[in-house]
Amino acid sequence: MGPVGLYRDEGVVLRTQKLGEADRIITLLTREHGRIRAVAKGVRRTKSKFGARLEPFMHVDLQIYEGRSLDIVQQAESLATYGERICADYGRYTAGTAMLETAERLTSEENEPAVQHFLLLVGGLRTLADGAQPASLVLDAFLVRSLAVAGYAASFEDCAQCARPGPHSYFNVAAGGAVCPDCRPPGSVTPAAETLVLLSALLTGDWAAAGASEARHRREASGLASAYLQWHLERGLRSLPLVERG
Amino acid sequence: MYEGVVQDLIDELGRLPGVGPKGAQRIAFHLLAADPTDVRRLVLALTEVKEKVRFCKICGNVAEDELCRICRDPRRDVAVICVVEESKDVVAIEKTREYRGRYHVLGGAISPIEGIGPDDLRVKELMTRLADGEITELILATDPNLEGEATATYLARLVKPMGLRVTRLASGLPVGGDLEYADEVTLGRAFEGRRLLDV
């Protein structure tokens, strides 16, 4: 039996599941406790004190009671309400959901601190809600950066195998990104040079360069980023095929 | 563990939503002690519900015939459709006695994280109903949560070219609550939808 007590943390709601008559199990990515699951009692009633605070995309300050099997949310205060603005646009909603699912899957262990993942998700949702960048680009930037934080950083310039300085014209998901002609494994693809430049810009956060890219290169970059993610996750993301690419 | 059929009954009851192992045991022993006529009535109700109930061909609501009671009723306004997620929502709205139009049950809400997209809901059937030109207003009454809002946004965008009047149920403060406990989103919506008090 673990220690029983209260703790306070801030987190982003990733997913909610119905539990019993009026409760929900809330999956959150928190700043200090990593990914946690906690019960919000009575949250589905119209008069619940939580209201919309424990809906997906919400950034909340929480007080949680550490239970024996599942923790229980005692209080929740909103820090930022991204859900409203993300939901107002269907493309943004589908991209945002894929971001939440990615964050959940890449933080595989519960209660293991994942500060970088948390900060990346908050930043990603803020950018998505602002609407200044296309939703599809924000999602792809989030995917390549999350993988980098998880230790699967792809190389978009130098050869991922022998580190020979790039740019190179071959790309192989299993090999870790761009590969030189000598290292190229069979089945490598040859994306446009601009696509690799775009992916590199998304990884480093160069929005000016990413924003100047053409639609066909964006489509190709999305395909590569998704393939790279699916390769590193054992099961595919459910939400990714439903993302509406602009 | 109990013997044979008693344990089978407890196991089956335990599979129902909200019924735990203790509850299942309690119901099983209640049934054992109950009058045989009462038990037979329960058995009949269970058999009939599976045999007779199907989904209305027009709106997707539960029905005993090809069409549900509401779609069969000639007094209902055919020009208005209220879109809901589940049949349970139809019952909730009917209780208000405020609405006289017809319904369309989607069978859920768009939830990419659960792998549910527009193709998994009765969206195509709704579009077919709207295409006949009889409908003038579409009321989006999906749940006021994230998935429900996203589903409403999706549908509103989809039917926009048809030039219908598309409305969404109002969100705001629950009757009988305290203002200070309202969350920012709900209170914000209540402000957005405030109305003129003409006394």
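Residues numbered from 1 in each chain as written. Chains lettered and ligands numbered in written order. Predicted model: local features only at pLDDT ≥ 70, side-chain atom pairs only at ≥ 80, totals over all residues. Heavy atoms only, no water.

## Some points on the packing of aromatic side chains
For any two aromatic rings, the description comes down to two numbers: the centre-to-centre distance and the angle of the planes.
Link 1 in the chain: Taken as a whole and assessed by the stated rule, the structure comprises 5 aromatic pairs over all chains.
Link 2 in the chain: Measuring from ring centre to ring centre gives 5.2 Å for Tyr99 of chain B and Tyr103 of chain B, while their planes differ by 70°; the resulting arrangement is edge-to-face.
Link 3 in the chain: For Tyr99 of chain B, a relative accessible area of 12% corresponds to the buried category.
Link 4 in the chain: Residue Tyr103 of chain B is classed as buried on the basis of its relative accessible area of 1%.
Link 5 in the chain: Pairwise contacts between aromatic rings join Tyr90 and Tyr93 of chain A together with Tyr154 of chain B into one cluster.
Link 6 in the chain: When the ring centre of Tyr170 of chain A is taken as origin, the NZ or CZ atom of Arg184 of chain A, which lies over that ring, is 4.5 Å away. (Phe/Tyr/Trp six-rings, centres within 6.5 Å; stacked < 30°, edge-to-face > 60°. Buried < 20%, exposed > 50% of the residue type's maximum accessible area, 1.4 Å probe, protein only. Lys NZ or Arg CZ within 6 Å of the ring centre and 35° of its normal.)

## Concerning the domain arrangement of chain A
Accessible area lost when the parts come together is the quantity often used to give the size of an interface.
All names here are of chain A.
Link 1 in the chain: Splitting chain A by domain gives domain 1 (6–81) and domain 2 (84–237).
Link 2 in the chain: Using C-alpha coordinates to define each centre, domain 1 is positioned 29 Å away from domain 2.
Link 3 in the chain: Note on domain 1 versus domain 2: buried area summed over both sides is about 1,800 Å², and carbon and sulfur give 62% of it.
Link 4 in the chain: The tally of links between domain 1 and domain 2 comes to 3 salt bridges.
Link 5 in the chain: With a shortest N-O distance of 3.5 Å, Arg37 and Glu110 are connected by a salt bridge.
Link 6 in the chain: Taken together, the links from domain 1 to domain 2 amount to 5 residue pairs in polar contact (both at pLDDT 80 or more).
Link 7 in the chain: Looking at the side of domain 1 that touches domain 2, the elements that each hand over two or more residues are strand S1 (6–19), strand S2 (23–30) and strand S3 (34–40).
Link 8 in the chain: Among the elements that take part in the side of domain 1 that touches domain 2, S1 stands out by supplying 6 residues, more than any other.
Link 9 in the chain: Residue classes in the side of domain 1 that touches domain 2 are distributed as 7 nonpolar, 7 polar and 6 charged. (Domains from an automatic or database assignment. Buried area = accessible area lost by both parts, 1.4 Å probe. Salt bridge = Lys/Arg side-chain N within 4 Å of Asp/Glu carboxyl O. Polar contact = N/O pair within 3.5 Å; in protein donor to acceptor, adjacent residues only side chain to side chain. Helix = DSSP H or I, 4+ residues; strand = E, 2+ residues; numbered from the N terminus. Nonpolar A, V, L, I, M, F, W, Y, C, P; charged D, E, K, R; others polar.)

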